[in-house]
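Structure assessment
Spelled out, the chains give:
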Amino acid sequence: MASTPKVAQSPVVRQQSEIRERLPFSDGQDFEDARRGLIARRVPGAVTDASGTVVWDNDTYAFLQGEAPDTVNPSLWRQSQLVAEQGLFEVVEGIYQVRGLDLSNITFVEGATGVLVIDPLISTETAAAALALYREHRGERPVTGVLYTHSHVDHFGGVKGVTTQEDVDAGRCPVLAPEGFTEHAVAENVYAGTAMGRRAAYMYGAALARGPQGAVGAGLGQTTSTGTVTLIAPTLTVTRTGQEETVDGIRMVFQMAPNTEAPAELLIHFPGFRALCTAEDATHTLHNMLTLRGAVVRDPHAWSHALTATIDLFGETTDVAFASHHWPTWGQERVTAFLSAQRDLYGYLHDQSLRLINKGWTGIEIAEHLPLPPSLENAWSAHGYYGSVSHNLKAVYQRYMGWFDGNPAHLWQHPPVEAGKRYVQFMGGADTVVDKARASFEAGDYRWAAEVLSHVVFADPQHTAARDLLADTFEQLGYGAENGTWRNFYLSATTELRQGQFGTPTVTASPDVIAHLTPTMLFDAIAIQINGPKAWDEKLTIDVHLTDADERYRLTLANGVLSYSNAPRETTADVTLTSTVSALSHLTVTGITSEGLDRAGVQIRGDVSVLHRLTAVLDPGDPDFPIVTP
């Protein structure tokens, strides 16, 4: 099967030309801002782990020069050029960022004796490289504090690259985070972590070759690093807007922004620097209401109101706004205009979606026909490089109305394989459908070609002509996409159809993350893995005694459900496990077997066979499940 990328077809070439004419490419302000304050670049741009494996290499984006080729949307090409700017930058005197060393930025705020680190990237390796670059040019300052702005892995995973658990435990390095941080950080990477990880491989183009016909960036950042993910629990929790904390002489005023870009998120004002960290609530892109990797639908209403509060709280005392992605904005008027445009963007999508929902429009209809106001369409920071107007409008519909659009024809549809077989039969057989789809492809109707060819592939996965043409179709859709994650999804699908599945390169459910599972979160993580039908007739009870927390839980498996309670019990369980909280969390690594429990230091009393019966009905996720094939 062909694996060589193909050229852009004439409909895509025409679209790219129209975009070059329509959008204000002569506006160079973003390029000035993205390069302002450059102190030094990291040379080379590659970062390796202890074994010498490359976990990040910004140099692979060196091709992002000059005008966009026909295989890349010119607007996305421009955004990728900006995001690929790499190095140590001065935001204002005393605040520095390393950008281009991971999906996110790492920020260093200089204090009386050391430096406060904000959002230490995904991997320890990239975070350590960023700290080394900072120290090379600003001196060997100790890390005297770490701040997580929110609960996504690209904002905490590299923490052990900048500090140690020992320094935190000794009080030399406090770790600050918003209320609910640990619970959300751990849950997102464990509960649906397998499925999210697999889809994230598509979203960030993990298996794509870097180049004009492959990966050019994800809009928010270029891609994700693939190093070691770690986590150190916060020692100081921020719980309210207006809360002030001083770390190493650095005064911070916090704004809580829960249920915006993340369920636990905050913004920080630094009065001494007249600087505002907007975390990920205001960046140079339209963000996601529902990320393509999967997540709980975010609340654009809360997001918009949070940014109004940001302007009211800090607008008049801020001369520069910087975020955990992209580049800063300087000047009080420009900062206010930037925050206002971002605020209006999320407010418009929310309010207009509800207006049309109440007129009976469905999500797909709203997404197809609701344009942005010209003032937002012409603002580069409002373009859909990471989130798109299309999938965000569908997400707002989903948030309020769910998956069902009210049409009973859609209430009980066939799943993809059975639907595919019926569609193909109705349309005259697989060969006929492919012939008709080829005509649609040649006419530039790639959306329709993708839909009908997907039916053929699900009905007959080995139909070579359908797979080849579907791959070609996804490729053209990717070439035309302004949204970086759409491009990556389309081209990743092309790759799997042509070359086979590539799995999940980045694993965020690392031992460090798993170690922070609370006992009840661990029980939930096990319950999610129960194969219900296989466990219908199984009944068992397990008591768990946590010596260091003085807590006792009864786990009961019945009717295919693993439930738990800490209520006192008169009866004796089938088996009792005695453990510390930290040893218990290792069960996700060692396994719920007598051997695994012994390795974790868990004591067993009672019928050991109960553990084997429980293990026998566990059905863990598949990190390589198919996406574009059945």
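So, a few notes on the structure that sits alongside this text. In this text, all values refer to a predicted model and were calculated from it rather than measured experimentally. (Residues numbered from 1 in each chain as written. Predicted model: local features only at pLDDT ≥ 70, side-chain atom pairs only at ≥ 80, totals over all residues. Heavy atoms only, no water.)

Another point: the overall build of the protein. Secondary structure assignment for the protein yields 23 helices and 21 strands. Over its C-alpha trace the protein gives a radius of gyration of 26 Å, about what one expects of a compact globule, namely 25 Å for 630 residues. Based on the C-alpha atoms only, the size of the protein along its principal axes is roughly 75 × 65 × 55 Å. Taking as baseline every contact in the protein between residues at least 6 positions apart, the subset at least 24 positions apart corresponds to 72%. Total accessible area computed for the protein in this model is approximately 25800 Å², and 51% of it derives from carbon and sulfur atoms. On the protein, the mean spot of the 45 positive side-chain charges and the mean spot of the 73 negative ones are 3 Å from each other. (Helix = DSSP H or I, 4+ residues; strand = E, 2+ residues; numbered from the N terminus. Rg over C-alpha atoms; globule rule 2.2 N^0.38 Å. Contact = heavy atoms within 4.5 Å. Areas by Shrake-Rupley, 256 points an atom, 1.4 Å probe, with all protein chains shown as cover. Lys, Arg positive; Asp, Glu negative; His and termini not counted. Charge placed at Lys NZ, Arg CZ, Asp CG, Glu CD.)

Counting across every chain of the model gives 0 disulfides. Free of any disulfide, cysteine 173 has its nearest neighbouring cysteine sulfur in cysteine 277, separated by 17 Å. (Disulfide = S-S within 2.5 Å.)

With that out of the way, let us pick up helix α1 (residues 10-22). Taking 1.5 Å of rise per residue, the 13 residues of α1 would be expected to cover 18 Å, and the 18 Å separating its terminal C-alpha atoms lies within 8% of that figure. Every buried residue of α1 is listed here: Pro11, Val12, Gln16 and Ile19. Down the axis of α1, the buried set is contained in an arc of 135°. They therefore lie on one face. Among the exposed residues of α1, those pointing more than 90 degrees away from its buried face are Glu18 and Glu21. Residues of α1 that are buried sit in contact with α3 (74-83), α15 (446-459) and α16 (464-480). (Expected span 1.5 Å × (residues − 1). Buried < 20%, exposed > 50% of the residue type's maximum accessible area, 1.4 Å probe, protein only. Arc of directions from axis to C-beta.)

The next subject is the pattern of salt bridges. Applying the stated criterion across every chain, the model contains 26 salt bridges. We note a salt bridge from arginine 78 to aspartate 30, for which the minimum N-O separation is 3.0 Å. Residue arginine 78 is located in helix α3, and its partner aspartate 30 is located in helix α2 (residues 29-35); the two are separated by 48 residues in the primary sequence. For the pair formed by arginine 78 and aspartate 30, the shared burial category is buried. Counted as one network, the salt bridges with shared partners bring together Lys6, Asp472, Glu475 and Arg498. (Salt bridge = Lys/Arg side-chain N within 4 Å of Asp/Glu carboxyl O.)

In this section: empty space enclosed by the protein. To find leftover empty space, a probe the size of one water molecule is rolled over the atoms. Applying the stated criterion across every chain, the model contains 4 cavities of 30 Å³ or more. When its volume is computed, the second largest cavity comes out at roughly 110 Å³. Lining of the second largest cavity is provided by 15 residues; of these, Val83, Arg99, Gly100, Asn105 and His326 occupy positions nearest its centre. Partitioning the lining of the second largest cavity into residue classes produces 5 nonpolar, 7 polar and 3 charged. (1 Å grid on protein atoms, 1.4 Å probe; cavity = no way out; pocket = protein on both sides within 12 Å on 5 of 7 lines; lining within 4 Å. Points joined across faces, edges and corners; volume = space filled by probe spheres on them. Nonpolar A, V, L, I, M, F, W, Y, C, P; charged D, E, K, R; others polar.)

With that settled, the discussion passes to the packing of helix α14 (residues 430-442) against α15. Packing of α14 against α15 brings their axes to within 8 Å, and their N-to-C directions diverge by 165°. What the angle tells us is that α14 and α15 run roughly antiparallel. Judged by the twist between their axes, the crossing of α14 over α15 is left-handed. Across from Ala430, Val433, Val434, Ala437, Ser440 and Phe441 in α14, the residues of α15 making contact are Tyr446, Trp448, Ala449, Val452, Leu453 and Val456. Taken together, the residues of the contact of α14 with α15 sort by class into 11 nonpolar, 1 polar and no charged. (Axes fitted to C-alpha atoms, helices over the stretch in contact; angles between N-to-C directions. Parallel < 35°, antiparallel > 145°, perpendicular 65-115°, else oblique. Left-handed = near helix turned anticlockwise from the far one by under 90°.)

Attention shifts here to the environment of glutamate 110. Summarising the element assignment, glutamate 110 is placed in strand β6 (residues 106-110). Under the relative-accessibility criterion, glutamate 110 is labelled buried at 11%. Through-space distance from the C-alpha of glutamate 110 to that of isoleucine 250 is 7.7 Å; in sequence the pair is 140 residues apart. If sequence neighbours within four positions are ignored, glutamate 110 has contacts with Gly94, Tyr96, Val115, Tyr134, Arg138, Arg141, Ile250 and Phe273. Side-chain polar atoms of glutamate 110 contact the side chain of tyrosine 134, separated by 2.7 Å. In this structure the side chain of glutamate 110 is engaged in a polar contact, spanning 3.5 Å, whose partner is the side chain of arginine 141. (Polar contact = N/O pair within 3.5 Å; in protein donor to acceptor, adjacent residues only side chain to side chain.)

Position of arginine 355 among the secondary structure elements: in helix α9 (residues 332-357). Considered as a pair, arginine 355 and isoleucine 366 are 11 residues apart in the sequence and their alpha carbons are 10.0 Å apart.

Taken in spatial order, the 6 strands make up an open sheet running β11-β12-β13-β14-β15-β16, and their pairing is mixed. Two strands bound the open sheet, and with one partner strand each, they are β11 (244-247) and β16 (329-330). As judged from the 3 bridges shared by strand β13 (residues 266-270) and strand β14 (residues 275-277), these two strands associate in the antiparallel manner. Bridging across to β14, histidine 269 finds its partner in leucine 276. (Pairing = 2+ DSSP bridges.)

Moving on, we get to the environment of alanine 573. Checked against the element boundaries, alanine 573 lands in the loop between β19 (561-565) and β20 (575-579). Given a relative accessible area of 9%, alanine 573 falls into the buried group. When the C-alpha atoms of alanine 573 and phenylalanine 625 are compared, they prove to be 37 Å apart, with 52 residues separating the residues in sequence. Among all residues touching alanine 573, those that are not within four sequence positions of it are Thr541, Ile542, Asp543 and Arg554.

Between helix α7 (residues 193-203) and helix α17 (residues 484-499), the shortest axis-to-axis distance is 7 Å and the interhelical angle comes to 100°. Taken together, the axes of α7 and α17 lie roughly perpendicular to each other. From α7, Arg198, Arg199, Ala201, Tyr202 and Met203 reach across to α17, where they touch Thr485, Asn488, Phe489, Ser492, Ala493 and Glu496. The residue inventory of the contact of α7 with α17, partitioned by class, reads 5 nonpolar, 3 polar and 3 charged.

We now examine the sheet that holds strand β18 (residues 551-558). By way of backbone hydrogen bonds, the strands of a sheet pair with one another, either parallel or antiparallel. The mixed open sheet is built from 5 strands, whose spatial order is β19-β18-β17-β20-β21. The sheet is open, and its two edges are formed by β19 and β21 (603-606), each paired on a single side. When strand polarity is set aside, the average angle formed by the axes of neighbouring strands in this sheet is 20°. With 7 bridges joining them, strand β17 (residues 540-546) and β18 adopt antiparallel strand pairing. Among the inter-strand pairings, threonine 541 is bridged to a residue of β18, identified as threonine 556. Each of β17, β18 and β19 touches helix α19 (residues 519-528); the most contacted strand, β19, lies at about 165° to it. Against the sheet, helix α23 (residues 609-616) touches β17, β18, β20 and β21, its axis set at about 110° to β17.

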